[in-house]
Amino acid sequence: MRRTFKYILFFLLIAFTAAFLMTSSLFNIKTINVIGNSRVSQQEIIRLSGLSYQQNVFRINSKETMKSIFQSPYIEKIKIRRGLPNIINIDIIEREPLVLVPYVGSYLFVDSKGIVVEINSSIADMKLPIIKGLKFNTFKLGEEIKVENKLQLTSVIKLINEIKKTGIASEIAEINAENILNFKLITKSGIKINLGDDTNVNTKIPLAKAILQDLDSKNLKGTVEMGHKGNPVFKPE
């Protein structure tokens, strides 16, 4: 009998505590912090989240809140943390556009996984390479670009990730991916690179970077042939 009473008292205590946490104004949201964002504003993320001040922190459905924030194609990962008694922290990891893809007078901003994060007709302030030669009919923001040749997209993603890793994306003006057996790069200084296919691209791109630095230092223009076996060959203009 005494043990039963203890159990009842214990559950009543839990119920009272839960009711207090869910209804007390002490736990109403007073601060919403957004951490890690740079492209999507704090105001936009809060708006998408649907969170409101004076809402109880324990009444928040984190899964629904994250689902709402994911409406922004720039958002890749989200973590929501409660800071008691009245703070909500939203940790954001954003997608980073790496290349531009021409599309009906505008450009698609595409990240390292082939995800379209934005469409814009103005690229005046962008320092990203333009990819030509991709064939596709439509796209959807926040999803992988649907090119006709899946192997082509796989090769392009592999290439642009290596370009990002090597740190020369800002030096590349154009990537022609029409022929996946011979990717063609054009730098902003006018040097052409015939890269060949994506075989050993992890060694080709760092080598191309070193060659470009050397040619730029000598103010030379021309074409670098890298699609064959053996050492690269430079053909001056």
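Since this is a predicted model, take the numbers as computed values, not measurements.

Draft legend 1. Quick peek at the pattern of salt bridges. If you walk through the whole model with that rule in mind, you get eleven salt bridges. In this structure, Glu44 engages Arg47 in a salt bridge whose closest nitrogen and oxygen atoms are separated by 2.8 Å. One end of the pair, Glu44, and the other, Arg47, are both in helix 2 (residues 42–49), three residues apart, so they sit about a helical turn from each other.

Draft legend 2. Representation of the packing of helix 4 (residues 150–166) against helix 5 (residues 201–217). Across the interface, helix 4 lies against helix 5 with an axial gap of 9 Å and an inter-helix angle of 45 degrees. The orientation of helix 4 with respect to helix 5, classified from their angle, is oblique. In the crossing of helix 4 with helix 5, the sense of the turn from one axis to the other is right-handed. Between helix 4 and helix 5, the residues in contact are Lys158, Leu159, Glu162, Ile163 and Thr166 and Val201, Asn202, Ile205, Pro206 and Lys209, respectively. Its residues placed into classes, the contact of helix 4 with helix 5 shows five nonpolar, two polar and three charged.

Draft legend 3. Inspection of the packing of helix 2 against helix 3 (residues 62–69) at higher detail. Following both chains from N to C, one finds helix 2 and helix 3 inclined at 130 degrees, their axes separated by 7 Å at the closest point. The angle between helix 2 and helix 3 places the two elements in the oblique class. Our pair here, helix 2 against helix 3, has a crossing hand that is right-handed. Contacts from Ile45, Leu48 and Ser49 of helix 2 reach helix 3 at Thr65, Ser68 and Ile69. Residues that form the contact of helix 2 with helix 3 fall into these classes: three nonpolar, three polar and no charged.

Rules of the game
- Residues numbered from 1 in each chain as written.
- Predicted model: local features only at pLDDT ≥ 70, side-chain atom pairs only at ≥ 80, totals over all residues.
- Heavy atoms only, no water.
- Salt bridge = Lys/Arg side-chain N within 4 Å of Asp/Glu carboxyl O.
- Helix = DSSP H or I, 4+ residues; strand = E, 2+ residues; numbered from the N terminus.
- Axes fitted to C-alpha atoms, helices over the stretch in contact; angles between N-to-C directions.
- Parallel < 35°, antiparallel > 145°, perpendicular 65-115°, else oblique.
- Left-handed = near helix turned anticlockwise from the far one by under 90°.
- Contact = heavy atoms within 4.5 Å.
- Nonpolar A, V, L, I, M, F, W, Y, C, P; charged D, E, K, R; others polar.

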